[in-house]
Amino acid sequence: MGFGYTIRCKSCTYCFGAMLGTGMLYSSAMAYRECDEDGQPIICVSVKDKSIRKKVSDILDDNTCTEEYYEDLYICPKCMRFANGFYFKLNTSSGEYIPEYRCEECETVLKRIKEVNSEKDNDGDRHLSFKYRNGRKVRWKCPECGCDKMTTDTMIMWD
Ligand SMILES: [Zn+2]
Ligand SMILES: [Zn+2]
């Protein structure tokens, strides 16, 4: 079971649907090996970047698989655009392999978000801040218009 919510800018039309967690689809072996109806392991469906999929098929064997994989929330540290990404980790002879995703807009390497917080100000407007995995805290601004007020829809569950 995973969950999601929609983040909307209060001033313009920018909105983003965040999807997090592990859906029902991702039973352990399915992530890397077993196929869905279209004959592809989940990793091929969830990871759009061809170079990452190539890398995975090159290094994947029984020793490299880990149980760590889930839909995670990423953000571009440059333009503040959110992105959903399939996080996973493979153990290779030369260390860990963790995919690197890039911003669709500006090509900057995306950072994973650890924590999202929203605070209400005195006018009742919400402001979003988040923490990177390295602990750094950042206030969010709309990538389209620079507004820092936002709304979020109620959390939805997905499977
Ligand atoms: Zn905006
Ligand atoms: Zn960007």
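Keep in mind that what you see is a predicted model, and the values were worked out from it rather than measured. (Residues numbered from 1 in each chain as written. Chains lettered and ligands numbered in written order. Predicted model: local features only at pLDDT ≥ 70, side-chain atom pairs only at ≥ 80, totals over all residues.)

A. Expanded view of unusual backbone geometry. The phi angle at M80 is positive, at roughly 70 degrees, despite the residue not being glycine. A positive phi angle, near 70 degrees, is found at E107, a position not held by glycine. Structurally, E107 can be placed in the loop between β6 (95-97) and β7 (111-120). (Helix = DSSP H or I, 4+ residues; strand = E, 2+ residues; numbered from the N terminus.)

B. Region of interest: the nonpolar core. Residues Y74, I75 and L110 are the most contacted members of the largest nonpolar core, which totals 18 residues. Here the element with the most residues in this core is strand β3 (residues 69-75); it accounts for three residues. Dropping the residues within four chain positions of it, I75 is found in contact with M80, F82, L110, K111, I113 and F130. By size, the runner-up hydrophobic cluster in this structure holds eight residues, among which are A31, Y69, F86 and F88. (Core = buried A, V, L, I, M, F, W, Y, C linked by C-beta atoms within 7 Å. Buried ≥ 20, exposed ≤ 12 C-beta atoms within 10 Å, placed from the backbone. Contact = placed C-beta atoms within 7 Å.)

C. Quick look at the pairing of β3. Buried residues dominate β3, accounting for six of its seven residues. One ladder, built from seven bridges, connects β3 with strand β4 (residues 82-88); its direction is antiparallel. Bridge pairing links Y70 to Y87 in β4. The hairpin formed by β3 and β4 contains six residues between the paired strands, and M80 there has a positive phi angle of roughly 70 degrees. Here two bridges tie β3 to β7, and the two strands are oriented antiparallel to one another. Each residue of the ladder has a partner; that of Y74, found in β7, is R112. (Pairing = 2+ DSSP bridges.)

D. Local environment of the pairing of strand β8 (residues 126-132). Pairing of β7 with β8 involves seven bridges; the strand directions are antiparallel. Residue I113 lies in a different strand from β8, and its bridge partner there is Y132. In sequence, β7 turns back onto β8 through a hairpin of five residues, with G124 there showing a positive phi of about 85 degrees. One ladder, built from two bridges, connects β8 with strand β10 (residues 149-152); its direction is antiparallel. By the bridge assignment, R126 is partnered in β10 with M150. Bridge count between β8 and strand β9 (residues 137-139): three bridges; the pairing is antiparallel.

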